[in-house]
There are 2 protein chains.
Amino acid sequence: MRLVRAAIDLYAEQGYETTTVTQVAERAGLTKATFFRHFPDKREPLFAGQAEHGALLAAGAAQAAADATPLEVVAAALDHATAAFTPEQREFAPRLRDVVAAHDELRERAAFKRAHLTDVLTTTLRERGVDEATAAVAAELGVEAFHRAFEHWSDGDGASYGELARHELHALHAAATSLR
Amino acid sequence: MRLVRAAIDLYAEQGYETTTVTQVAERAGLTKATFFRHFPDKREPLFAGQAEHGALLAAGAAQAAADATPLEVVAAALDHATAAFTPEQREFAPRLRDVVAAHDELRERAAFKRAHLTDVLTTTLRERGVDEATAAVAAELGVEAFHRAFEHWSDGDGASYGELARHELHALHAAATSLR
DNA sequence: TCTGTCGATGAGACCGTGTCTCATCACCGT
DNA sequence: ACGGTGATGAGACACGGTCTCATCGACAGA
C-alpha cells in the first residue's frame, strides 16, 4: 500500500510528531479523508503488517496435535507465523523498528499489539484445556520469543525467522524451568 | 486530586469517548488549560496512581539480599509494591478497572504501563548479573502476578494485596518450572 | 449507446485534543 | 506597600479524526 510506504518514509525522514496525516496522504497522491478510510488513525499504517500475526499464531496453534504439550502448541504457532516474515517485509523492518522505538506514542501501540498476541495464545491454550497459569506462562514465553526473533531477524543476520523463533523459545523455556 | 476523581466519575457515568476534557475540568472547578498542566493527556488521570508502581518495584528489588535468586528479587519487589494498594485506592479500583477495560484507547495505555513495569524489573535483574533470558522470564512472571493480584484485590475478597501477589507468583512459578 | 449502480476518492465543514502565550490573582517574605 | 512566584483563566491555534455531500470511472444491462 502506498500509504504505508509514505508513512514509514516520512516518519523516518522528518519524525513522527512533525509529520501531519495530510503530508502522508499527499505523498501517496491522496487526501487526508482517504487516509482515514484505510487506517483508523495516524499510527496504524506502521502496524498494518502485524494484523495477520495474531491470525497466523492462532491458526498455527490450532494445527498442533491434540495431545501436544503447551509448549509444543506455542512452537507450532510460532512456526506457522513464519509466513508473515517475507524477504519483502525485511526491507521495511529495520526502519520500522527504529521509528517505533523513537516515539512513546508508537511504542504504546506496539505494546497493545503485543498484548493482543498474548491474549490470542492464552485463549487458544485455555480452549485446549490448559490451566490458567500454565496457559499464561506459555503464551508469554511464546510472545517474548516472537519479538526477540523479530528483533534479530530485523537486524538481518540472514537467519530465517523460524529458526530464530525456535531458538529463542528454547532459551526462554530453559530459563523458565530452571527459575528459582 | 479533584481532577482524578472527576475523570473517573465522568468516564464511568457517561463513557470515556463522550466525555470531553472540558467537562472533566469543569466538574473539578477548573478549566481545560489547567487540566493539561496536571496531565499530559485525557487518559492519564486514570493511571496517575500507577506512576509509583514502577518506583516501588524497583525500590523493593533493590532491597533484596545480594545473593537473592531472581524469583526472590521479584518477590521482594512485589512485597514492597504492596504499599501502593491502600484501602483508599480500593474504593476506586473496581470502577477504574471497568472503565479501562471498556475502551481500547485506555487498554492501550494500560498495556504500555505494564510494559514499563516489565522493563523496570528486567533492568533491575540484569544489573544484578542475571542473564537476559532469565531476567525476562522472571520479570514477566512478576508483572503477571502483579496484575492478577490487582484483579483479585479490586474484586475485594478482603485479602491483602501482598498475600495475593505472593500466591499468584508462586502459582506462576510452579507453572513455569513444570512447563513442557 | 445510454443509463444506472457501485466503489473509491475529493472537498470541506466540524468538534475535540493538546499547545502556547498573555493576563490575572493569591500568597509570601521583606 | 513592594516585588516575586506559582497556580490559574482566557483564548488563539494546529492537528487528529469524523461526517456529509459531490464527483468520477468501471461496469452491467437494456
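What counts, and at which threshold
- Residues numbered from 1 in each chain as written.
- Chains lettered and ligands numbered in written order.
- Predicted model: local features only at pLDDT ≥ 70, side-chain atom pairs only at ≥ 80, totals over all residues.
- Heavy atoms only, no water.
- Salt bridge = Lys/Arg side-chain N within 4 Å of Asp/Glu carboxyl O.
- Helix = DSSP H or I, 4+ residues; strand = E, 2+ residues; numbered from the N terminus.
- Buried < 20%, exposed > 50% of the residue type's maximum accessible area, 1.4 Å probe, protein only.
- Near = heavy atom within 4 Å.
- Polar contact = N/O pair within 3.5 Å; in protein donor to acceptor, adjacent residues only side chain to side chain.
- Nonpolar A, V, L, I, M, F, W, Y, C, P; charged D, E, K, R; others polar.
- Contact = heavy atoms within 4.5 Å.
- Buried area = accessible area lost by both parts, 1.4 Å probe.
- Domains from an automatic or database assignment.
- 1 Å grid on protein atoms, 1.4 Å probe; cavity = no way out; pocket = protein on both sides within 12 Å on 5 of 7 lines; lining within 4 Å.
- Points joined across faces, edges and corners; volume = space filled by probe spheres on them.
- Least-squares fit on C-alpha atoms with pLDDT ≥ 70 in both.

### Describing the pattern of salt bridges
Then step 1. Under the counting rule described, the total for this entry stands at 30 salt bridges over all chains.
Then step 2. For A:Glu144, the salt bridge identified is with A:Arg114, shortest N-O distance 2.6 Å. With A:Glu144 in helix H8 (residues 132–155) and A:Arg114 in helix H7 (residues 104–127), this pair connects stretches of sequence that are 30 residues apart.
Then step 3. Since its relative accessible area comes to 11%, A:Glu144 is described here as buried.
Then step 4. Of the residues examined, A:Arg114 reaches a relative accessible area of 23% and is grouped as partly exposed.
Then step 5. Each of A:Asp41, A:Arg43, A:Glu44, A:Arg109, A:Lys113 and B:Glu108 takes part in one network of salt bridges that share partners.

### Focus on the protein's contact with DNA strand C
Then step 1. Neighbouring DNA strand C are 16 residues, the closest being A:Thr31, A:Thr34, A:Arg37, B:Lys32 and B:Lys42.
Then step 2. Contact distances for DNA strand C include 2.7 Å between a phosphate oxygen and a side-chain N or O atom of A:Thr34.
Then step 3. With respect to DNA strand C, the side chain of A:Arg37 contributes an N or O atom lying 2.7 Å from a base oxygen.
Then step 4. Breaking the surface near DNA strand C down by element, the ones donating at least two residues are helix H3 (32–38) of chain A together with helix H3 (32–38) of chain B.
Then step 5. Counting residues per element, the surface near DNA strand C draws most heavily on H3(A), at four residues.
Then step 6. Looking at side-chain class alone, the surface near DNA strand C contains five nonpolar, six polar and five charged residues.

### A closer look at the interface of chain A and chain B
Then step 1. Counting residues at the interface gives 30 residues for chain A and 30 residues for chain B.
Then step 2. Here chain A packs against chain B, burying approximately 2,600 Å² in sum over the two surfaces, 62% of which is carbon and sulfur.
Then step 3. Summed over the shared surface of chain A and chain B, the result is eight salt bridges.
Then step 4. Across the pair B:Glu140 and A:Arg114 runs a salt bridge, and its minimum N-O distance is 2.9 Å.
Then step 5. Where chain A touches chain B, the interface holds 14 residue pairs in polar contact (both at pLDDT 80 or more).
Then step 6. Secondary-structure elements contributing two or more residues to the side of chain A that touches chain B are helix H5 (70–81), H7, H8 and helix H9 (161–177) of chain A.
Then step 7. By residue number, the principal contributor to the side of chain A that touches chain B is H8(A), which donates ten residues.

### Here we look at the domain arrangement of chain A
By a widespread convention, an interface's size corresponds to the accessible area lost as its parts come together.
Residue and element names in this part refer to chain A.
Then step 1. In terms of domains, chain A is made up of domain 1 (1–46) and domain 2 (47–177).
Then step 2. Each of domain 1 and domain 2 was reduced to a C-alpha centroid, and the two centroids are 27 Å apart.
Then step 3. Between domain 1 and domain 2, roughly 1,400 Å² of surface is buried when both sides are summed, and carbon and sulfur atoms account for 58% of that area.
Then step 4. Taken together, domain 1 and domain 2 are joined by four salt bridges.
Then step 5. Glu-44 serves as the salt-bridge partner of Lys-113, at 2.7 Å between the closest nitrogen and oxygen.
Then step 6. Between the two partners, domain 1 and domain 2, sit ten residue pairs in polar contact (both at pLDDT 80 or more).

### Observations concerning empty space enclosed by the protein
Then step 1. Summed over the entire model, instances satisfying the criterion amount to one cavity of 30 Å³ or more.
Then step 2. When its volume is computed, the largest cavity comes out at roughly 40 Å³.
Then step 3. Surrounding the largest cavity, A:Ala136, A:Val137, A:Glu140, A:Leu141, B:Glu140, B:Leu141, B:Glu144 and B:Leu172 form its lining.
Then step 4. Looking at the lining of the largest cavity, the elements that each hand over two or more residues are H8 of chain A together with helix H8 (132–155) of chain B.
Then step 5. For the lining of the largest cavity, the element with the highest residue contribution is H8(A), accounting for four residues.
Then step 6. Counted by class, the lining of the largest cavity contains five nonpolar, no polar and three charged residues.

### A closer look at the relation of the copies chain A and chain B
Then step 1. Once chain A is rotated about the relating axis by 180 degrees and shifted along it by 0.0 Å, it coincides with chain B to within an RMSD of 0.0 Å. Given the turn and translation reported, the copies of this chain are related as if by a two-fold rotation axis. Residue A:Thr177 of chain A places its C-alpha closer to the rotation axis than any other residue of that unit, at 1.9 Å.
Then step 2. In this assembly, 100% of the residues forming the interface of chain A have copies in chain B that are likewise at the interface, indicating an isologous arrangement.

### Thoughts on the environment of A:Asp98
Then step 1. Within the secondary structure, A:Asp98 sits in helix H6 (residues 87–101).
Then step 2. C-alpha of A:Asp98 to C-alpha of A:Ala12: the two residues are 86 residues apart in sequence and 8.1 Å apart in space.

### A closer look at the protein's contact with DNA strand D
Then step 1. Around DNA strand D, a shell composed of 16 residues is seen, among which A:Lys32, A:Lys42, B:Thr34, B:Arg37 and B:His38 lie nearest.
Then step 2. A share of 55% is what sugar and phosphate atoms reach among the atoms of DNA strand D within 4 Å of the protein.
Then step 3. A distance of 2.9 Å is found between a phosphate oxygen of DNA strand D and a side-chain nitrogen or oxygen belonging to B:Thr31.
Then step 4. Contributions of two or more residues to the surface near DNA strand D are made by H3 of chain A together with H3 of chain B.
Then step 5. Top element by residues in the surface near DNA strand D is H3(B). It accounts for four residues.
Then step 6. Residues belonging to the surface near DNA strand D are distributed by class as follows: five nonpolar, six polar and five charged.

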